[in-house]
Structures are given as C-alpha cells and as structure tokens.
Amino acid sequence: MPSFKIDVSTAVVFVATAPAPKLVSKQTGERAVDRETGAGLSTVGLLISDEGEGNLYQVTVPETGIPEGLAPGTPVSVIGLKARDWENEFNGQKRHGISFRAVSIVAGA
C-alpha cells in the first residue's frame with residue numbers, strides 16, 4: 001500500500017510515551033524488525049500540535065533512529081514521518097486503520 005508524507009515542520013511535538021519495543025507476537029516476545037536494515041523497531045507515543053489542534057500518535061521508529069533517554073515531555077523533531085493505511089482480517093473480522101512510521105526522532109526541537 002502507498003504511504004504519504006506528513007509535514008510537521010510547523011508543529012510542536014512532544015514525547016507522550018517512552019519508546020517500547022514493537023513486538024510481532026506478544027506470546028513469543030519476538031521483536032519486529034525493519035525489513036530493509038534489520039534494525040529492531042520501537043513504538044513511541046508523540047503528541048503533535050499544529051494550528052490549534054493536538055493529537056496523540058503511536059509512531060514506529062527503528063531503534064537506530066531513537067536517541068537514548070527519550071522520556072515523556074521531551075520536545076522533539078520527527079524526521080521522515082509517513083502515514084499508511086492498512087486492512088486485515090482475523091477470525092472473520094475485518095480491521096483497518098492508519099499506521100505511522102518515522103525515520104528518526106531528534107531530541108530538543
């Protein structure tokens with residue numbers, strides 16, 4: 001599916017939840033990895049505020065693109081943020097949504 005760039009150049013961005021490993025399976029604990037680089041993936045909650053509206057997004061980022069010690073409340077810049085729609089079927093139920101992915105996060109926006 002295609003992905004779409006998101007311009008956050010005028011937004012104020014803060015870390016809402018600290019990075020956590022993205023898992024392929026909670027049962028096995030297998031961590032998701034980037035298909036191109038093999039780097040482990042993490043999910044970071046970001047509060048993005050622009051033009052008077054703020055939203056919380058769960059953004060997937062390669063662990064190589066996350067600075068150490070990234071904590072809630074830290075102002076950050078997001079590099080290469082993209083959105084992609086997804087759809088799947090599990091146990092006869094269709095699910096759909098939008099996933100967010102970034103190349104990296106830089107502390108101290």
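Keep in mind it's a predicted model, so treat the numbers as computed, not measured.

How each quantity is defined
- Residues numbered from 1 in each chain as written.
- Predicted model: local features only at pLDDT ≥ 70, side-chain atom pairs only at ≥ 80, totals over all residues.
- Heavy atoms only, no water.
- Salt bridge = Lys/Arg side-chain N within 4 Å of Asp/Glu carboxyl O.
- Helix = DSSP H or I, 4+ residues; strand = E, 2+ residues; numbered from the N terminus.
- Buried < 20%, exposed > 50% of the residue type's maximum accessible area, 1.4 Å probe, protein only.
- 1 Å grid on protein atoms, 1.4 Å probe; cavity = no way out; pocket = protein on both sides within 12 Å on 5 of 7 lines; lining within 4 Å.
- Points joined across faces, edges and corners; volume = space filled by probe spheres on them.
- Nonpolar A, V, L, I, M, F, W, Y, C, P; charged D, E, K, R; others polar.
- Core = buried A, V, L, I, M, F, W, Y, C linked by side-chain atoms within 4.5 Å.
- Contact = heavy atoms within 4.5 Å.
- Polar contact = N/O pair within 3.5 Å; in protein donor to acceptor, adjacent residues only side chain to side chain.
- Pairing = 2+ DSSP bridges.
- Axes fitted to C-alpha atoms, helices over the stretch in contact; angles between N-to-C directions.

The next point concerns the pattern of salt bridges. Applying the stated criterion across every chain, the model contains two salt bridges. We note a salt bridge from R31 to E63, for which the minimum N-O separation is 3.1 Å. Pair noted here: R31 is in the loop between β2 (12–21) and β3 (41–50) and E63 is in the loop between β4 (53–62) and β5 (76–79), with a separation of 32 residues, a long-range link. On the basis of relative accessible area, E63 is assigned to the partly exposed category, the value being 39%.

Within this model, the largest pocket holds a volume of roughly 1100 Å³. Taken together, 28 residues form the lining of the largest pocket, with K22, L41, R84, S99 and R101 sitting closest to its centre. Mapped by element, the contributors of at least two residues to the lining of the largest pocket are β4, β6 (82–90) and β7 (93–101). Here the element with the most residues in the lining of the largest pocket is β6; it accounts for seven residues. The residue makeup of the lining of the largest pocket, split by class, is 13 nonpolar, six polar and nine charged.

By size, the foremost hydrophobic cluster in this structure holds 18 residues, and its most contacted members are L46 and L81. Not counting chain neighbours up to four residues away, the residues in contact with L81 comprise F4, K5, I6, V8, I48, V59, F100, R101 and A102.

Attention now goes to the side chain of S42. Following the sequence through the fold, S42 ends up in strand β3. What makes S42 buried here is its relative accessible area of 6%. Polar side-chain contacts of S42 include one of 2.7 Å to the side chain of R31. If we ignore the near neighbours within four places in the chain, the residues touching S42 are P19, A20, P21, K22, R31, V59, T60, V61, E63 and I66.

Now for the sheet that holds β4. Hydrogen bonds between backbone groups are what pair the strands of a sheet, and the pairing can be parallel or antiparallel. Strand order in the open sheet made by the six strands is β1-β6-β7-β4-β3-β2, with mixed pairing throughout. Across the chains shown, the open sheet's two edge strands, defined by having one partner strand only, are β1 (3–5) and β2. Mean inter-strand twist for the sheet, computed between neighbouring axes without regard to direction, equals 35°. As defined by bridge partners, β3 adjoins β4 across ten bridges and the pair is classed as antiparallel. When the bridges of β4 are listed, S42 appears paired with V61.

With respect to the helices, strands and loops of the structure, L41 is situated in strand β3. Residue class for L41 comes out buried when judged on its relative accessible area of 6%. Distance in space between the C-alpha atoms of L41 and T60 is 6.5 Å, their sequence separation being 19 residues. Contacts of L41, omitting those with residues within four sequence positions, involve P21, K22, R31, A32, V33, D34, T60, V61, P62 and R101.

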